[in-house]
Amino acid sequence: MNKLAEYIPRVKAELAHLFTDSIIKPREFQIEAIAALDLYWDEHKDEVVNPLFWLATGLGKTVIFSMLIRLYFARYMKTGFNIVIIAGNKELVEQAEEKVYSLFPKAQVGVYCSSLNRREIAPITIATRGSIANNVEAFGHQSLIIVDECDEIPESETSQYKKIIFELRRFN
């Protein structure tokens, strides 16, 4: 049995417990995706890694990262766990906020988006890259950085996304 096959039942049980009160139940491919990310981070816990998670449009990337967030807060909430989700525009910020709350109703979510006239930092913060770029130090330590629509990150080492990620890593 490979390692992923061993991870899937454990993650499936954790998610089933967390989502007993939810109308949205994790689908098998979503459980497998979360288990694969979990295994990857477990195998690379002493390294700085940037796993890429790709799904076709409509398969629920926002649902999956919202489930992952709820899972990790359940596991690590006593350790000062913080997450920032970086989105390219206000529509993606609004979509992420709605999905996180729908799957994690008790979440402490802040939105940091000039276009929405909101500057809230919380254990889970959803921000546009433009809004966070000039105030990265306000975010401090982040346990996890999620980039929604990461295919928009340019190759250039001087891109706004890469500058933000580099600056956030200085606090970790």
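From a predicted model like this one, the values you see are computed outputs, not experimental measurements.

Turning next to the overall build of the protein. Helix and strand counts for the protein come out as 6 helices and 5 strands. Traced from its N-terminal end to its C-terminal end, the protein shows the element sequence α-α-α-β-α-β-β-β-α-β-α. Scaling as 2.2 N^0.38, a compact globule of 172 residues should have a C-alpha radius of gyration of about 16 Å, and the protein matches this with 16 Å. Dimensions along the principal axes, computed over C-alpha positions, put the protein at roughly 45 × 35 × 35 Å. When each of the 172 residues of the protein is scored for burial, the buried share is 42%. Within the structure as shown, the protein displays about 9,600 Å² of accessible surface, and the carbon and sulfur contribution to it stands at 53%. Of the side-chain charges in the protein, 20 are positive and 23 negative, and the distance between the mean point of each set is 4 Å.

Right, let's get into helix 1 (residues 3–18). The terminal C-alpha atoms of helix 1 lie 23 Å apart, and with 16 residues this matches the ideal 22 Å at 1.5 Å per residue to within 8%. Among all positions in helix 1, only Tyr7, Ile8, Val11, Leu15 and Leu18 are buried. Buried residues of helix 1, seen end-on, are gathered within an arc of 110° and therefore sit on one face of the element. Here the buried face of helix 1 lies against helix 2 (28–43) and helix 3 (61–76). In this structure Asn2 caps helix 1, since a side-chain oxygen of it lies 3.1 Å from the backbone nitrogen of Leu4.

Here we come to the packing of helix 1 against helix 2. Two elements in contact, helix 1 and helix 2, have axes separated by 8 Å at closest approach and are oriented at 115°. Like other packed secondary-structure pairs, helix 1 and helix 2 cross with a definite hand, here right-handed. In contact with Lys3, Leu4, Tyr7, Ile8, Arg10, Val11, Lys12 and Leu15 of helix 1, helix 2 contributes Glu28, Ile31, Glu32, Ile34, Ala35, Ala36, Asp38, Leu39, Asp42 and Glu43. Taken together, the residues that form the contact of helix 1 with helix 2 break down as 10 nonpolar, no polar and 8 charged.

What follows covers the confidence of the model for the protein. Taken residue by residue, the protein gives an average pLDDT of 89. The fraction at 70 or more is 99%. Averaged pLDDT values for the elements of the protein fall to 86 in helix 6 (residues 160–169) and rise to 97 in strand 2 (residues 109–113).

Core analysis: the largest hydrophobic core is formed by 40 residues, its most contacted members being Leu15, Ile34, Ile69, Ile83, Ile85 and Ile124. Within the residue set of this core, elements represented by two or more residues are helix 1, helix 2, helix 3, strand 1 (83–87), helix 4 (90–103), strand 2, strand 4 (124–128) and strand 5 (144–147). Beyond its immediate sequence surroundings of up to four residues, Ile34 is in contact with Val11, Leu15, Ile64, Met67, Leu68 and Leu71. Counting 12 residues, the second-largest nonpolar core is a separate cluster that includes Ile86, Tyr112, Ala127 and Phe139.

So, about helix 2. With 16 residues, helix 2 should reach 22 Å at 1.5 Å per residue; the first-to-last C-alpha distance of 22 Å fits that figure. Those residues of helix 2 not exposed but buried are Gln30, Ile31, Ala33, Ile34, Ala35, Leu37, Asp38 and Leu39. Looking at the buried residues of helix 2, the elements they touch are helix 1 and helix 3.

In this section: unusual backbone geometry. Look at Asn117: it is not a glycine, yet its phi comes out positive at around 55°. If you trace the backbone, Asn117 turns up in the loop between strand 2 and strand 3 (118–119).

Here 5 strands make up an open sheet; going across it, the order is 3-2-4-1-5 and the pairing mixed. Of all strands in the sheet, those with a lone pairing partner are strand 3 and strand 5, marking the two edges. As paired strands, strand 2 and strand 4 are joined by 4 bridges and run parallel to one another. Residue Tyr112 lies in a different strand from strand 4, and its bridge partner there is Ala127.

Here is what the cut-offs are and how they apply
All residue numbers refer to positions counted from 1 along the written sequence of the respective chain. Per-residue local features of the predicted model are confined to residues with pLDDT of at least 70, and side-chain atom pairs are confined, for both listing and counting, to 80 or more; whole-chain, interface and lining totals are unaffected and use all residues. Calculated side-chain values reflect all of the structure's heavy atoms, with hydrogen atoms and water omitted. Secondary structure is summarised from DSSP: a helix means a run of H or I of at least four residues, a strand means a run of E of at least two, and numbering begins at the N terminus for each. Radius of gyration here is computed from C-alpha atoms only, and the compact-globule reference equals 2.2 Å multiplied by the residue count raised to the power 0.38. Only protein chains enter the accessibility calculation, which uses a 1.4 Å probe. A residue is then buried if its area is under 20% of the maximum for its type, exposed if over 50%, and partly exposed in between. In these tables, accessible area is a Shrake-Rupley quantity obtained with a 1.4 Å probe, and a residue counts as shielded only by the protein chains included in the view. We count Lys and Arg on the positive side and Asp and Glu on the negative side, and we leave His and both chain ends out. Charged groups are reduced to one reference atom each: NZ for lysine, CZ for arginine, CG for aspartic acid, CD for glutamic acid. What a helix should span is 1.5 Å times the count of its residues minus one. Note: the arc covers the axis-to-C-beta directions of the helix. Pairs of residues are marked as contacts when any of their non-hydrogen atoms sit within 4.5 Å. Polar contact is the term for a pair of N or O atoms within 3.5 Å; when the atoms are in protein, one must be able to donate a hydrogen and the other to accept it, and sequence-neighboring residues count only if both atoms are side-chain atoms. The axes used here are C-alpha line fits, helices contributing only the stretch in contact, and every angle between their N-to-C directions lies in the interval 0 to 180 degrees. Take the far helix as your reference; a near helix turned counterclockwise from it by less than a right angle gives a left-handed crossing, and one turned clockwise gives a right-handed crossing. Under the scheme applied, nonpolar residues are Ala, Val, Leu, Ile, Met, Phe, Trp, Tyr, Cys and Pro; charged residues are Asp, Glu, Lys and Arg; polar residues are all the others, including Gly. Scored from 0 to 100, pLDDT reflects the predictor's confidence in each residue. To form a nonpolar core, buried Ala, Val, Leu, Ile, Met, Phe, Trp, Tyr and Cys residues must be joined to one another through side-chain atoms within 4.5 Å. Two strands make a pair as long as DSSP finds a minimum of two bridges between them.

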